[in-house]
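Overview (structure and organization)
Below are the chains, spelled out letter by letter.
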Amino acid sequence: MALLSIRNLSVEFSTAGGPFRAVDGVDVTVDTGDILAIVGESGSGKSVSMMALMGLLPWTARITADEMSFDGTDLRRLTARQRRQVIGRDISMIFQEPMTSLNPCFTAGFQIKETLRQHLKLDRRARHARAIELMEMVGIPDPERRLNAFPHQLSGGMSQRVMIAMALACQPRLLIADEPTTALDVTIQAQILDLLQGLQQRTGMALILITHDMGVVAETAQRVQVQYAGQKVEEQPVRALFETPHHPYTAALLAALPERATERRLPTIPGVVPGQFDRPEGCLFSPRCRFADDTCRHSPPPVQPPALGIARCHYPLDTAATEAAR
Amino acid sequence: MLKFFLARLLTFVPTFIGVTLISFAFIRVLPGDPIIVMAGERGLSEARYQELREQFGFDQPLIVQFWDYLTGILHGNLGMSYVTKKPVWDEFFALFPATVELSLCAIVIAICLGIPAGVIAAVNRGKFFDRALMSTALVGYSMPIFWWALLLIIVFSGNLGWTPVSGRIDLLYYFPDTTGFMLIDSLLSGQKGAFASAVDHLILPSIVLATIPLAVIARQTRSAMLEVLGEDYIRTARAKGLAPIRVSGLHALRNALIPVVTVIGLSVGVLLAGAILTETIFSWPGIGKWMVDSIYRRDYPVVQGGLLLIAGMVMIVNLIVDLLYGVINPKIRKR
């Protein structure tokens, strides 16, 4: 049985302009030891679906799912109190902006030890020792001194390392990293990704990496799930996805990578992700898709079998078509 | 820290000069003559009038009078009251403890109720509790304080008979002023029931005086909390699986505290300057009432000295608030 299994997750926000569907029927399955990347443009519902899993969305969000289970526990049935015993301990999360994700009023040590105190019955001394151990594990030099540092005394990379130490404090079975490197320098990005990968291998935890950077995906992930406008449009192992994307959106994303460009001008995807008020009737990608026809524009696409990348498309691309698309 | 402290102390100097100048000018700009006021309805002869003018130094040019006043202050001499013939310094410190006692009780009530109320309102933004609390706070803030005081007296002292109407302690008890604080003195006296009586007398005036600061603190806490609750680190705290009360009461409140401490500091300053209406209604022998009486009597030294001492107290409170910023927020400490 999968460690995390989410089926048909939808999240709706009630806004002044009516309900807005940020996540629309998304499935996520992760096994122990998996590294799953969730890729998509801004507004594709990547973060929101994971926040829904963590229970971090505001009360204005309406979350529905056919299944949402973690290690055999149905998360939908847990009370708020029971869920708080799972998140932070078995499932933990790190965020995009490390500099603002740490509380400026408390030391790094306090914030790491707080997690330990919340979930593990450790005494003061054990918490201190564990905090130092964690700081060493995430590669923070001079941990004894850094424990007493306030967030404003730490660099972005250091802050993200503290966040990772905090997330790993209780040896989680699943770590969700929400664009962990977006706000960091390129050199630091690589370090943090290496660190996450190394820690994942060492602890055997599952890792969900939310990103919009295909380069990060190629380097880190084992499996990739592409989201568009709140829907999962394709899912494949990373190598297969890069070789034979089945959904036109994935193909277009890959074609837009600078390292894959064959012409002087970098190909782009025309248009923008549909918002609350311009949601197309049929396939959500149809207004921007070069293969779209009337069927695409008027009827929602079926979900293709795993051989075709579970693509949500009327006319999934096969190898030949991909070649033609290039 | 010490450097910061000394630098702040240095800024007291121009403030002090400003306050002496303003208080000196302010009381003299008011029409009326202290000698005439002192003479009362009987009046006095022209010769006697000139004699007194000379005695008080009013025949000198204003600049000379100001200079005499300044040199007096620098020697620690605030002058004598024209009316009571007692040093201003002694009078102030005989009355000041009463004001401090009342203000402290009021501000403690305001803080203990205002901050939790603001936090709860912010967490339940837009829900019933939030709306109810914020409209109550608005009513509290805009209510005429004398009317509110009278209302409370009528209900709790008059109809229900739970609290005394005025004064600091029951006439049954007598003991010497050791500290000037009735709560402490009554305890020290060891007389049975004295402390309870002092507390009874404090309740209503404290509530009345706490009303406006309470409303201001609650609203300020709410708005500061609303801002902080949207921050990334609050999401982090929640992602750790912390209980909501710890997330809002510790992680959010600590960050929201700076503006709240600022308004608390300002309120304390205002309260220390004497709650004139409250002190008058409850016959509370504090400095607010004393200052107003002195202005009516054109008692120049009392008004000048009193204003100066009150300004000094307010400056000290502000200094404490500034030092508190650093304690609350480590980022400010560094500067």
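As recorded in an unreviewed UniProt entry, chain B goes by ABC transporter permease subunit and comes from Rhodovulum visakhapatnamense. For the record of chain B, the UniProt heading Sequence similarities (unreviewed entry) holds the text "Belongs to the binding-protein-dependent transport system permease family." UniProt lists a comment for chain B under the heading Subcellular location (unreviewed entry), and it reads "Cell membrane".

An unreviewed UniProt entry lists chain A under the name ABC transporter ATP-binding protein, from Rhodovulum visakhapatnamense. Looking at chain A in UniProt, the text filed under Subcellular location (unreviewed entry) is "Cell inner membrane". Annotation of chain A in UniProt includes, under Sequence similarities (unreviewed entry), the sentence "Belongs to the ABC transporter superfamily."

**Overview of the overall build of chain A**
The number of helices and strands found in chain A is 13 helices and 11 strands. Over its C-alpha atoms chain A spans a radius of gyration of 21 Å, differing by no more than 12% from the 20 Å that the globule rule assigns to 326 residues. In terms of its C-alpha atoms, chain A occupies a principal-axis envelope of roughly 65 × 45 × 40 Å. Expressed as a percentage of contacts within chain A between residues at least 6 apart in sequence, the contacts between residues at least 24 apart total 64%.

**Notes on the UniProt feature "transmembrane region" (unreviewed entry) in chain B**
Residue and element names in this part refer to chain B. Sites flagged by UniProt as "transmembrane region" (unreviewed entry) map to residues 9–30, 92–120, 132–156, 194–217, 256–282 and 302–328. Across residues 92–120, helical content stands at 100% and strand content at 0%; the span's end C-alpha atoms are separated by 41 Å. The distance from the first to the last C-alpha atom of residues 302–328 is 38 Å, and the span holds 100% helix and 0% strand.

**Overview of the packing of helix α5 (residues 88–123) of chain B against helix α11 (residues 244–272) of chain B**
All names here are of chain B. Look at α5 against α11: their axes get within 10 Å of each other, and the N-to-C directions meet at 150°. In this structure, α5 crosses over α11, and the sense of that crossing is right-handed. Where α5 approaches α11, its residues T99, S103, A106, I107, A110, I111, I115, V119 and V123 are matched on the opposing element by S248, G249, L253, V260, I264, S267, V268, L271 and L272. When the residues that make up the contact of α5 with α11 are grouped by side-chain class, the tally is 13 nonpolar, 5 polar and no charged.

**Regarding the sheet that holds strand β8 (residues 174–178) of chain A**
Residues and elements named next belong to chain A. With mixed pairing, 6 strands are arranged side by side in an open sheet as β7-β8-β9-β3-β10-β11. In the strand order of this sheet, the two ends are held by β7 (91–94) and β11 (231–237), each with one partner. Across the sheet, the mean angle separating the axes of adjacent strands is 20° when strand polarity is ignored. By the bridge criterion, 6 bridges tie strand β10 (residues 223–228) to β11 in an arrangement that is antiparallel. Across the sheet, Q225 pairs through a bridge with E235, a residue of β11. In this fold helix α1 (residues 46–54) packs onto β3 (35–39), β7, β8, β9 (206–211) and β10, with an angle of close to 140° to the strand it touches most, β9.

**Overview of the domain arrangement of chain B**
Residues and elements named next belong to chain B. Examined at the domain level, chain B breaks down into domain 1 (23–77) and domain 2 (91–334). Relative to domain 2, the C-alpha centre of domain 1 lies at a distance of 37 Å. Ranked by the residues each element gives to the side of domain 1 that touches domain 2, the list is headed by helix α1 (residues 2–29), at 3 residues. The class makeup of the residues in the side of domain 1 that touches domain 2 is 5 nonpolar, 2 polar and 1 charged.

**Quick word on the interface of chain A and chain B**
Contacts between chain A and chain B engage 23 residues on the former and 18 residues on the latter. Elements that contribute at least two residues to the side of chain A that touches chain B include exactly α2 (80–86), β7, α3 (98–101) and α4 (108–119) of chain A. With 4 residues, the top contributor of residues to the side of chain A that touches chain B is α4 of chain A. For the side of chain A that touches chain B, the class distribution of residues is 9 nonpolar, 10 polar and 4 charged.

**Section: the pairing of β7 of chain A**
Residue and element names in this part refer to chain A. Neither face of β7 is exposed, since I91 and M93 on one face and S92 and I94 on the opposite face are all buried. Here β7 runs beside β8; their pairing, made up of 4 bridges, is parallel. Note on β8: the bridge partner recorded for S92 is L175.

**Some points on the environment of R127 of chain A**
Residue and element names in this part refer to chain A. As for its position among the elements, R127 is in helix α5 (residues 124–137). As a C-alpha pair, R127 and E114 span 13 residues in sequence and 8.9 Å in three-dimensional space. Those residues in contact with R127 that lie beyond four places of it in its chain are K113, L116, R117 and L122.

**With respect to the pairing of strand β1 (residues 4–15) of chain A**
In summary, the side chains of a regular strand alternate between the two faces of the sheet. All names here are of chain A. Across 9 bridges, β1 lies against strand β2 (residues 18–30) in antiparallel orientation. Its bridge partner lying in β2, V11 is registered against V23. Two successive antiparallel strands, β1 and β2, enclose a turn made up of 2 residues. Sheet analysis places β1 next to strand β5 (residues 67–70), joined by 4 bridges and oriented antiparallel. If you follow S5 over to β5, its bridge partner there is S69.

What counts and what doesn't
Residues numbered from 1 in each chain as written. Chains lettered and ligands numbered in written order. Predicted model: local features only at pLDDT ≥ 70, side-chain atom pairs only at ≥ 80, totals over all residues. UniProt positions renumbered as here; feature names shortened; annotations may be inferred. Helix = DSSP H or I, 4+ residues; strand = E, 2+ residues; numbered from the N terminus. Rg over C-alpha atoms; globule rule 2.2 N^0.38 Å. Contact = placed C-beta atoms within 7 Å. Axes fitted to C-alpha atoms, helices over the stretch in contact; angles between N-to-C directions. Left-handed = near helix turned anticlockwise from the far one by under 90°. Nonpolar A, V, L, I, M, F, W, Y, C, P; charged D, E, K, R; others polar. Pairing = 2+ DSSP bridges. Domains from an automatic or database assignment. Buried ≥ 20, exposed ≤ 12 C-beta atoms within 10 Å, placed from the backbone.

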